[in-house]
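Understanding the architecture of this molecule
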Amino acid sequence: MPGLRPTYPLRTERLDLRPHRMDDLDDLYAFHSRPEVVRYTPWPVRDREQTRKALEAKLTQDALTEPGQWLVLAIELRETGTVIGEVLLNWASETDRQGEIGYALHTDYQGKGFASEAAREVLRLGFDELGLHRICAILDDRNTASALLLERLGMRREGHLIECTFFKGEWANEYIYALRAGEWRSNRA
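Overview of the structure. (Residues numbered from 1 in each chain as written. Predicted model: local features only at pLDDT ≥ 70, side-chain atom pairs only at ≥ 80, totals over all residues. Heavy atoms only, no water.)

A word on helix α1 (residues 25-32)
Regarding α1, the residues found buried are Leu25, Leu28, Phe31 and His32. Around the axis of α1, the buried residues are gathered within 140 degrees of arc, so they sit on the same side. (Buried < 20%, exposed > 50% of the residue type's maximum accessible area, 1.4 Å probe, protein only. Helix = DSSP H or I, 4+ residues; strand = E, 2+ residues; numbered from the N terminus. Arc of directions from axis to C-beta.)

Structure follows, in structure tokens:
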């Protein structure tokens, strides 16, 4: 597998998915600072300086050149040019052709299909361009909205792990969802 260097922006019906830029700081801070957005993400509520540092790290995450790397893309609402979230793809294994997807979206834009639109495009990248066999998503089992989104994308729940991680000061349960390339292609046909 040669890796993945997409041509940007990746355009969906309403969104442009693209690498982050430093001028995304205000938009990124607008949702990284919200407890309800980061409740189930691996990062804490961030102040502006913490968001700036996180953004600097994201600036180079625009390609996958070796397993273990994350592709981190801004979800830009084309109509306004506002970054409303981010979507991620991890190249977990070259040998087993495995990946993982993740996303976070500003609360003002949730429930409007934007996260599924962005995630669907990243699944396409993983399966059709990177050549992955299987893409999973790992989430806190209390994150009902995310579980429903994954199911709408055609992913199935493969596992329920009980108190498997110490997350934000408490033991948490996780769901594992996954989709295989053949299922992805069948669902699209």
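The structure having been displayed, the exposition proceeds.
Digging into the packing of α1 against helix α3 (residues 48-58)
Orientation of α1 relative to α3, taken along the N-to-C sense of each, is 115 degrees, at an axis distance of 9 Å. Note that α1 runs across α3; the crossing there is right-handed. Residue-level contacts link Leu25, Asp26, Leu28, Tyr29 and His32 of α1 to Arg48, Thr51, Arg52, Leu55 and Lys58 of α3. Looking at the contact of α1 with α3, its residues break down into 4 nonpolar, 2 polar and 4 charged. (Axes fitted to C-alpha atoms, helices over the stretch in contact; angles between N-to-C directions. Left-handed = near helix turned anticlockwise from the far one by under 90°. Contact = heavy atoms within 4.5 Å. Nonpolar A, V, L, I, M, F, W, Y, C, P; charged D, E, K, R; others polar.)

Some thoughts on the side chain of Ser116
Relative to the elements of secondary structure, Ser116 occurs in helix α4 (residues 114-129). Among residues more than four places away in sequence, those in contact with Ser116 are Leu149 and Leu153.

Observations regarding the state of the cysteines
A covalent bond between the sulfur atoms of two cysteines is what we call a disulfide. Taken as a whole and judged by the stated rule, the model has 0 disulfides. Just so you know, Cys136 is unpaired, no disulfide at all, and the nearest cysteine sulfur is the one on Cys164, 13 Å from it. Overall, the relative accessible area of 10% leaves Cys136 in the buried class. (Disulfide = S-S within 2.5 Å.)

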